[in-house]
2 protein chains.
Amino acid sequence: MKHLLQTIKIEVNKKTYLKDPESSALGKRIVEHSILLIHEIGFEAFTFKKLGDRISSNESSIYRYFENKHKLLLYLTSWYWGWLEYQLVFATNSIADPSEKLRIAIEIISKPVVLDTSFSHINEVLLNNIIINEYSKSYLTKEVDTENKEGYFEIYKRMVLRISEMIIEVDQEYPFPSSLASTALDGTLHQYFLTQHFPSLTNCNKEVTPTEYFSHLVFNSLNKNTNG
Amino acid sequence: MKHLLQTIKIEVNKKTYLKDPESSALGKRIVEHSILLIHEIGFEAFTFKKLGDRISSNESSIYRYFENKHKLLLYLTSWYWGWLEYQLVFATNSIADPSEKLRIAIEIISKPVVLDTSFSHINEVLLNNIIINEYSKSYLTKEVDTENKEGYFEIYKRMVLRISEMIIEVDQEYPFPSSLASTALDGTLHQYFLTQHFPSLTNCNKEVTPTEYFSHLVFNSLNKNTNG
DNA sequence: GCAAATATAATAGTATTACTATCACATACT
DNA sequence: AGTATGTGATAGTAATACTATTATATTTGC
C-alpha cells in the first residue's frame with residue numbers, strides 16, 4: 001500500500017494555482033510552510049510576505065504560484081478533501097455490506113487524522129486542524145457561486161455525494177440522505193472545534209469520539225420503516 | 001404580546017461596544033445599516049468607511065461605538081442569539097410535555113425567520129442571513145479562547161445548553177445531548193447555506209424544511225433503549 | 001560547455017484598510 | 001451663558017494585498 005500511495009498524486013483544480021506547487025522545490029516549500037504558518041497564526045494574520053520571510057524566499061515568488069491567499073486556501077482544502085476521499089474510497093471499496101460500508105465511511109471522516117508519510121511536504125494533522133478552523137471561510141464568501149461554478153468545491157461535493165449514496169444503499173426510503181451526509185461531514189469539523197474551544201457544547205472528548213456520536217446519529221436515522 | 005415585546009431590550013455583552021448603540025439615533029443607524037451593508041457586500045468587504053458614507057456620517061464616529069468590525073459582528077450575532085433565545089423561551093416555557101417542548105424548540109431554531117416589528121431598526125431576516133453566512137467567522141479566530149473567557153459567546157452557549165437540557169428531559173440515557181444540540185443549531189445554519197449555494201448537498205428546499213430534517217434526526221436519536 | 005530560456009529574488013510602488021489623533025462645530029443641559 | 005458631550009472633518013500611520021520591473025541564479029537544450 002505504501003508503494004501504491006507513493007505514486008499517487010492528489011489532483012486539485014488547476015485554477016487554484018498559477019503554477020503547480022508540486023512541480024518545484026520552492027512550490028513544495030510554499031505548501032509545506034503555509035500549512036505550518038496558517039496553523040500557527042491563523043488565516044487572517046497569514047500573509048505571503050510573512051510566508052516569504054519564513055521560507056527565506058520572496059513575496060513576489062509566492063505570487064507566481066498562487067494568485068492570493070484565498071486561492072492558496074482553496075488549494076490546501078481541495079488537497080485535503082482529495083486526500084480524505086482517497087482514504088474513503090480505499091477503505092470502503094471492497095466492502096459489500098451497505099451498513100458496514102457506511103459504518104467505515106463515518107469512521108474515516110470522523111476519526112482523528114494521523115500523519116501520512118506518503119506526502120512528505122504535507123503535515124496532514126496540521127492540515128486537518130486548518131480545515132477545522134478555516135475551511136468554512138473558503139466558501140462563506142460573496143464569490144461562492146462563481147467559484148462553485150468554476151469547480152473549486154468539486155472534491156468536497158463528491159465526498160458528500162459518495163456518503164449520501166452509501167446512506168441510500170442502507171435505506172432507500174430515508175428522505176434526507178444529502179442533508180445527513182453534509183451534516184456528518186460539516187458536523188464532524190464542528191465537534192472537533194468544540195472539543196478544543198467550547199467543551200461544554202459537546203460530549204466528544206478524549207474518551208468519547210465524534211465517530212461514536214455520528215455513528216449513533218446516522219444509524220438511528222435509518223430504516224425507521226415509517227410506513228410500517 | 002406586542003406590548004410586552006416593546007419594552008424588551010435584548011441584552012448583549014457590554015464589551016462588544018464602546019458606547020451602547022441603542023442609546024442614540026446614530027447608534028441605531030449604525031446597527032441598522034451595518035446589517036444592510038454586510039448583507040449586501042459581505043463581511044470581508046465591509047468597512048467602517050463604507051458604512052460612514054452610507055449613513056452620511058463619519059468613519060471616526062462609528063469607531064466611537066465599536067472598536068472594530070469584528071466587535072460589531074460580535075454585537076450583531078449576540079443580539080441575534082439573544083432575540084432567538086427570547087423566542088425559544090417564550091414558545092417553550094409553558095409546555096409541560098418534554099417531547100412537545102423539544103419539538104417546538106427545534107421548530108423555533110430551524111424555521112425561516114420572519115420580520116419582528118418590535119425592533120424597528122433591526123431587520124431580523126437579513127440578520128439571520130448574516131448569521132448563516134458570517135457567524136462562524138466570529139469564533140473561527142485565534143482570539144476565540146480569550147473572547148470566550150470574556151463572555152462574548154454566552155448567549156449562544158446558553159442556547160445550546162437549553163436545548164441540551166430539553167433533550168435530556170426527553171431521554172435521560174442519551175449519551176450526546178450537548179453534541180446533538182450544537183449539531184442542530186450549527187447544522188440548521190449550514191443547511192440553509194447549502195439550499196442557497198449548494199442545493200445538491202441538501203434535501204432541504206422550498207418544500208422540505210430543515211425543521212422536518214432535524215426533527216427526524218433528533219427524535220430518532222432519542223429513546224433507543226440501548227439496554228433493552 | 002555555452003547560450004537561451006526559465007525560475008527566483010530584490011526592490012519599488014500603489015491603492016486600500018484599519019485604525020489613531022486632533023480640532024472644529026453643533027446641540028443639550030444646568 | 002457656559003460647559004459638557006456628541007458628531008463630523010481632516011490628516012496621518014503602519015500594514016496589507018497586491019503589480020511591475022529589473023537583476024541574478026539555475027536549468028535545459030544543443
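Everything numeric here is computed off the predicted structure, so don't read it as measured data.

**Q** Where do I start with the protein's contact with DNA strand C in this structure?
**A** Near DNA strand C lie 18 residues; those nearest to it are A:Ser57, A:Arg64, A:Tyr65, B:Glu59 and B:Asn68. Restricting the count to atoms of DNA strand C within 4 Å of the protein gives a sugar and phosphate share of 61%. The side chain of A:Tyr65 places a nitrogen or oxygen atom 2.8 Å from a phosphate oxygen of DNA strand C. A distance of 3.4 Å separates a base nitrogen of DNA strand C from a polar atom in the side chain of B:Glu59. Counting only elements with at least two residues in the surface near DNA strand C, the list comes to helix 4 (59-63) of chain A together with helix 4 (59-63) of chain B.

**Q** Please clarify how the interface of chain A and chain B should be interpreted in this entry.
**A** The accessible area lost on association of the parts is a frequent measure of interface size. Contact residues are listed per partner, giving 50 residues for chain A and 49 residues for chain B. Across the chain A to chain B interface the summed buried area is about 4200 Å²; carbon plus sulfur atoms make up 60%. Ranking the residues of chain A by area buried against chain B places A:Leu140, A:Phe176 and A:Leu201 at the top, with a combined share of 16%. Counting across the interface, chain A meets chain B through 0 salt bridges. At the surface where chain A touches chain B, the tally comes to 29 residue pairs in polar contact (both at pLDDT 80 or more). For the side of chain A that touches chain B, the secondary structure elements donating two or more residues are helix 2 (25-41), helix 7 (124-139), helix 8 (144-149), helix 9 (154-170), helix 10 (177-197) and helix 11 (210-221) of chain A. Take the side of chain A that touches chain B: its biggest share by element is 12 residues, from helix 10 of chain A. Here the residues of the side of chain A that touches chain B are counted per class, giving 22 nonpolar, 18 polar and 10 charged.

**Q** For this particular structure, what's the right way to read helix 10 of chain A?
**A** Because an α-helix packs 3.6 residues into every turn, residues spaced three or four apart end up facing the same way. For helix 10 of chain A, built from 21 residues, the straight-helix expectation of 30 Å at 1.5 Å per residue is met to within 8% by its first-to-last C-alpha distance of 30 Å. A:Gly187 marks where helix 10 of chain A bends most, by close to 25 degrees.

So, how was this worked out
- Residues numbered from 1 in each chain as written.
- Chains lettered and ligands numbered in written order.
- Predicted model: local features only at pLDDT ≥ 70, side-chain atom pairs only at ≥ 80, totals over all residues.
- Heavy atoms only, no water.
- Near = heavy atom within 4 Å.
- Polar contact = N/O pair within 3.5 Å; in protein donor to acceptor, adjacent residues only side chain to side chain.
- Helix = DSSP H or I, 4+ residues; strand = E, 2+ residues; numbered from the N terminus.
- Contact = heavy atoms within 4.5 Å.
- Buried area = accessible area lost by both parts, 1.4 Å probe.
- Salt bridge = Lys/Arg side-chain N within 4 Å of Asp/Glu carboxyl O.
- Nonpolar A, V, L, I, M, F, W, Y, C, P; charged D, E, K, R; others polar.
- Expected span 1.5 Å × (residues − 1).
- Bend = angle between axes of the 7 residues up to and from the residue.

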